[in-house]
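Spelled out, the chains give:
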Amino acid sequence: GESVGLHLPTLSVQEGDNSIINCAYSNSASDYFIWYKQESGKGPQFIIDIRSNMDKRQGQRVTVLLNKTVKHLSLQIAATQPGDSAVYFCAETSQDTGRRALTFGSGTRLQVQP
Amino acid sequence: GAVVSQHPSRVICKSGTSVKIECRSLDFQATTMFWYRQFPKQSLMLMATSNEGSKATYEQGVEKDKFLINHASLTLSTLTVTSAHPEDSSFYICSARVGHRIYEQYFGPGTRLTVT
């Protein structure tokens, strides 16, 4: 079936470095993508989103890149801080089901070394 | 910003009993709420879509008679795990959509269910 997956299960970076978290999706009808941050024992927290008519969107210290040709999504975090340590999920949605439910990727754990 | 709460945050129950989890949108109306289940070190898996005033839509493989969902008002959806078993132990997370704004969905803090 359709799925959203990640290349790297764990990413370890030094404080102050830039982090890049990748995500592959398979549903060609996906038209809206979101990155979430989840800390242990908590619900997902919205980070940034992007619609399929865009290929780049920037927020505060974060940038999302979308490559529809290869169905790839990435999240870039600038100047990574210890507080960024968490699990990051990409999610996608499409009009396929009409419900606009989210399909989540498998997650990447980001570990920031001080 | 929009806030979604869940109650309880943690619950331990004995095998065979039922547990109800509440999901509330505190400062907005949610015509649609979603229920997810997350096992340790895994991703969120959609269980069902809850629509106010109508029956929930369950994902394939989710037993509707075991996971009862009621969306009685625009701010409250409940998930009842009936006849719970240890394999039902998981982190249950709800999300709520702001009215008909399909791009605005907010997540609750989750409920940790442990069945002994």
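Since this is a predicted model, take the numbers as computed values, not measurements. (Residues numbered from 1 in each chain as written. Chains lettered and ligands numbered in written order. Predicted model: local features only at pLDDT ≥ 70, side-chain atom pairs only at ≥ 80, totals over all residues. Heavy atoms only, no water.)

Asker: Requested: an account of the environment of B:His7, with residues and values cited.
Answerer: All names here are of chain B. Relative to the helices and strands, His7 resides in strand β1 (residues 4-7). The exposure class of His7 is exposed, given its relative accessible area of 54%. Look past the residues within four positions of His7 in its chain and what remains in contact with it is Lys20, Ile21 and Glu22. (Helix = DSSP H or I, 4+ residues; strand = E, 2+ residues; numbered from the N terminus. Buried < 20%, exposed > 50% of the residue type's maximum accessible area, 1.4 Å probe, protein only. Contact = heavy atoms within 4.5 Å.)

Asker: I'd like a description of the environment of B:Ser77, backed by residues and values.
Answerer: Residues and elements named next belong to chain B. Relative to the assigned elements, Ser77 resides in strand β8 (residues 76-81). Ser77 sits in the buried class, given a relative accessible area of 0%. Filtering out sequence-adjacent residues up to four positions away, Ser77 remains in contact with Ile21, Glu22, Cys23, Met33, Trp35, Ser50, Ile69, Asn70 and His71. Within the structure, Ser77 has its side chain in polar contact with the side chain of Ser50 (distance 3.2 Å). (Polar contact = N/O pair within 3.5 Å; in protein donor to acceptor, adjacent residues only side chain to side chain.)

Asker: Please give an account of the packing of aromatic side chains that cites residues and values.
Answerer: In this structure the tally under the stated criterion is 10 aromatic pairs over all chains. Taking the centre distance of 5.6 Å and the plane angle of 85° together, the rings of A:Phe104 and B:Tyr36 count as edge-to-face. Within this pair, whereas A:Phe104 is found in strand β10 (residues 103-104), its partner B:Tyr36 is found in strand β4 (residues 32-38), the two belonging to separate chains. With respect to burial, A:Phe104 and B:Tyr36 carry one shared label: buried. Summarising the aromatic geometry, the rings of B:Phe28 and B:Tyr106 are spaced 6.0 Å apart at their centres and angled 55° between planes, so their arrangement reads as tilted. (Phe/Tyr/Trp six-rings, centres within 6.5 Å; stacked < 30°, edge-to-face > 60°.)

Asker: Please give an account of the nonpolar core that cites residues and values.
Answerer: Of all hydrophobic cores here, the largest spans 26 residues; its most connected members are B:Trp35, B:Tyr58, B:Phe67, B:Ile69, B:Leu79, B:Tyr92 and B:Leu113. Secondary-structure elements contributing two or more residues to this core are β2 (10-13), β3 (19-25), β4, β5 (44-51), β7 (67-73), β8, β9 (90-97) and β11 (111-115) of chain B. Those residues in contact with B:Tyr58, other than ones at most four positions away along the chain, are B:Met47, B:Ala48, B:Lys64, B:Phe67, B:Leu68 and B:Ile69. Counting residues in hydrophobic clusters, the runner-up holds 20 residues, among them A:Val13, A:Ile50, A:Cys90 and A:Leu110. (Core = buried A, V, L, I, M, F, W, Y, C linked by side-chain atoms within 4.5 Å.)

Asker: How would you sum up the state of the cysteines? Please name residues and give values.
Answerer: Using the criterion set out here, one finds two disulfides over all chains in the structure. Paired by a disulfide, A:Cys23 and A:Cys90 hold their sulfur atoms 1.8 Å apart. Across the S-S bond linking A:Cys23 and A:Cys90, the dihedral sits near 45°, which makes this disulfide right-handed. Taken together, the residues A:Cys23 in strand β3 (residues 19-25) and A:Cys90 in strand β9 (residues 86-93) connect sequence positions 67 residues apart. The class for A:Cys90 is buried, based on a relative accessible area of 1%. One disulfide in the model links B:Cys23 with B:Cys94; its S-S distance is 2.0 Å. The disulfide joining B:Cys23 to B:Cys94 has a torsion of about 80° about its S-S bond and is therefore right-handed. With B:Cys23 in strand β3 and B:Cys94 in strand β9, this pair connects stretches of sequence that are 71 residues apart. (Disulfide = S-S within 2.5 Å.)

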